[in-house]
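# Notes for the structure review
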Amino acid sequence: MNDRPVRLIAADSYWIGSFEAMASPCELFMEVDDEAQAKRLLNIAAHEAWRIESKFSRYLNDNPVHLINNSGGKPVEVDEEVAQLLDFARFCWQLSDGLFDITSGVLRRIWCFDGGNQLPSPQQVEQILPLVGWHKLTWARPCLTLPKGMEIDFGGIGKEYAVDRTLQLLQQQTDRALLINYGGDICTGGIRLTNQPWSVGIENPSHPDTPKGVLKISRGALATSGDTRRYLLHNGKRYGHLLNPKTGWPIDASLRSATVAAATCTEAGLLATLALLQGPEAEAFLQIQSVQYWLTP
Amino acid sequence: MQLKKPKKIRHALTAATCGLLGVNCSDSLGEEGDWSFDSAVLYYSEVDRVTAVEPVISATRDFGEEKALNLKFVFDTLSGASANGATPSDQPQTFTRPSGKGVYTASAEETPLDDTFRDNRFALSSRWEQPINRDYKTAFGVNFSTEYDYSSLSANANLSRDFIKRNTTLNAGLSLAYDTVSPEGDIPIGLSSMVIDNGQADYRSEFNASRGDSEDNKDTLDLIFGLTQVIDRKTIMQVSYSFSDVSGYLTDPFKIVSVVGEDGRPLEYRYEQRPDARQKQSLYWQVKHQFETDILDLSYRYFWDDWGITSHTIDLRYRWMLDGRQYLEPHIRYYDQSEADFYRRFFIQDESLPDHVSADYRLGNMQALTIGMRYGVALRNEQELSLRLEYYLQSNDNTESVIPGILNDMELYPDVEALIVQLSYKF
Amino acid sequence: MSVKLFLVTFAVVLPLTGCANLGVEPWQRNVLAKPEMQLISDPISAGLDDHIYFSKEASSGGRGFAGGGCGCN
């Protein structure tokens, strides 16, 4: 699992490393001089991304998330890093008045966003809703007690968290300019030798493979929420993949995606997700936060 | 569905993210390119004495990468009376105003108060913070203040270095200040006798003879060395040593000392005279600890100088979180100082006057107690409002071995009581 | 003088010798990063307090520079 291939190629003034993690293509741009250092940094980054993936993925069998999701209502003691993320998840749940909820993943058993047109029945939603809600679990550091049938999922935080953690690890090794891109969640470190910003393309939802616009980023992070490929069409109405944990139904989304710039990728990602969770108020929400953002209608 | 208006959550989220990632964001909380403001109005009122109203506004602009500019503006308006140092008597007393124009009086058995105080003070300070690299940070500041008879200009620089995953921080700071005092009626000649206008023909020339230059200066050099240490996840501690060298005119031109007869009644008043240099040192220790949600803030300062003053200050605050948004913070501060070598409450006739003399109660043996309470509430969009109410009590001890005549029946060391009210608003 | 010297040594050496087991990992800073856990959490109030006590007492400085910039003392 943790020994998948990595690739390193030289570009004009930097090295580009790439690998796969968290079901996304991951890229690392490094303004370092020699190949040996670039290789070393790339290995550190890839191992950190894979470590986080294997620890927090809900599709794997021997990690803390699996242990919690299969605890059958018994308390599970978690390590410091998991505890930190649980604290953070609780905080985001409070901050969003319950809209951001890491227990809402079970709703995906009945909602299938594969571009199809099948809506679940109201009865199905009623049946599954009791398994959703952070307030139903007991989180008393270091023990988490999850009622039987409920599940947690760090999918809404994990990738951005991995980006920030990777940058931290790499910055312990070098002061040189870096750009980390894990499937569209991006952060930068150091200052480029040319003092020029990095150029980042934003994808077009209807044509995901053609860049729509180019953003200049010299520092900080960018993250995008919303998935242009995951939706459901029913009677001509488009249902986005973000679900309201309180009702079990998709958020009334007028936007397909939001990209936000912030100091860290985790913060940018959360702001983008919280914005989309506001439904029609998404743009008003972002304006109030006084951050830079880009929306895709 | 979403009927509630969107809330501003950015700062809370930034803080939580910084916590999750373990990056220090105390310096980068503000949003880049945007000013954030912090304001307060202080009302300070002593019973029967000085009243001050002091609005402050502070603006911070974050330029990202831990670069920030802070500007602070303080306006201070002061009125009321303050003790001039003379002893009370069983008869009314008359004193010449500092300007030499006119007199002020103290009735029998009353602590003589100079009621000429009325002053406005403007102070402007600026501070620029900038990291050099991941471990070193610098800060530079310039301060200016002006009031009717006083002005001050200072500049400071600070360098700090983080060690051991930012758990240990060492810092060193230097400040230089240049102050000018230019009292109305010029600077009185130290230890000279106060000339009182009893209708004598040559009052004006006698008064002028008791006056020296129209202005004088004071130079201050401050150094500070500090160590901040993270103890555990919920505890942080600081230790610092500071040294201050002040030279120039350190006397209070409005303060006098009574020379009394064997019966305790005043014979004359001499202008006080302090040394023209002072070296102050202090050791400061502070610890902050968070319990479940409440926060304890405890500090102790030991201070000493070459005027013979030593003092102990203990300050304790406890932030009691009522819920996620509101808190109550009781505060207690205790201060104890020993007197300056040249402090005397009065002189008795025929005693020889030393080179340096002051009867300013602030240089005497003193204890002070502050008891207060603060209430704070977080409002929408990360605004914060707080109100504090404090009671301050100062009391002095007698250190005179002989108290002559009527002074035994006088209140030589009246307590000073003050009320402090402060309203703060962060936006 | 020896007492003062002892005080200095005690206060400074204690945290240094304890360093081996003091401190936290970067990801354990969630509490310490909060604004209310900064050593000076409210600079405006701290400044106003320093000004009051500078003008009413003979001591100054400690947590910051001792200088006054005020004719009040």
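Residues numbered from 1 in each chain as written. Chains lettered and ligands numbered in written order. Predicted model: local features only at pLDDT ≥ 70, side-chain atom pairs only at ≥ 80, totals over all residues.

Next up on the list: the overall build of chain A. Across its full length, chain A carries 7 helices and 15 strands. Counting every position in chain A, which comprises 297 residues, the buried fraction comes to 42%. Taking the intrachain contacts of chain A between residues at least 6 apart in sequence as the baseline, contacts between residues at least 24 apart amount to 60%. (Helix = DSSP H or I, 4+ residues; strand = E, 2+ residues; numbered from the N terminus. Buried ≥ 20, exposed ≤ 12 C-beta atoms within 10 Å, placed from the backbone. Contact = placed C-beta atoms within 7 Å.)

Across the contact, 79 residues belong to chain B and 42 residues belong to chain C. Sort the elements by how many residues they give to the side of chain B that touches chain C and strand E10 (residues 216-232) of chain B lands first, with 9 residues. Here the residues of the side of chain B that touches chain C are counted per class, giving 34 nonpolar, 29 polar and 16 charged. (Nonpolar A, V, L, I, M, F, W, Y, C, P; charged D, E, K, R; others polar.)

Model confidence for chain A is summarised by a mean pLDDT of 86, while 91% of its residues fall at 70 or above. Mean pLDDT values over the elements of chain A span from 68, in strand E10 (residues 211-217) of chain A, up to 94, in strand E4 (residues 75-77) of chain A. (pLDDT = per-residue confidence, 0-100.)

Let's shift gears to the packing of helix H3 (residues 80-95) of chain A against helix H1 (residues 10-21) of chain B. Viewed as axis vectors pointing N to C, H3(A) and H1(B) meet at an angle of 170°, and their least axial separation amounts to 10 Å. Classified by the angle between their axes, H3(A) and H1(B) sit roughly antiparallel to one another. On the side of H3(A), the interface is formed by A:Gln84, A:Phe88, A:Phe91 and A:Leu95, while H1(B) contributes B:Ala12, B:Leu13, B:Ala16 and B:Leu20. When its residues are assigned to classes, the contact of H3(A) with H1(B) shows 7 nonpolar, 1 polar and no charged. (Axes fitted to C-alpha atoms, helices over the stretch in contact; angles between N-to-C directions. Parallel < 35°, antiparallel > 145°, perpendicular 65-115°, else oblique.)

All right, on to unusual backbone geometry then. Residues A:Arg141 and A:Pro142 are joined by a peptide bond in cis, for which omega reads -5°. Following the sequence through the fold, A:Pro142 ends up in the loop between strand E5 (138-140) and strand E6 (143-145). Phi at B:Asp350 takes a positive value of approximately 75°, unusual for a residue other than glycine. Tracing the backbone through its elements, the reader meets B:Asp350 in the loop between strand E18 (347-348) and strand E19 (366-378). Residue classification places B:Asp350 among the exposed positions, given that 8 C-beta atoms sit within 10 Å.

Now for the sheet that holds E5(A). All names here are of chain A. Spatially, E4-E6-E5 is the arrangement adopted by the 3 strands of the open sheet, whose pairing is antiparallel. Of all the strands in the sheet, just E4 and E5 have a single pairing partner and so form its edges. Taken pair by pair, the neighbouring strands of this sheet meet at an average axis angle of 15°, ignoring direction. Here 3 bridges tie E5 to E6, and the two strands are oriented antiparallel to one another. In the strand pairing of E6, Trp139 is matched with Leu144. (Pairing = 2+ DSSP bridges.)

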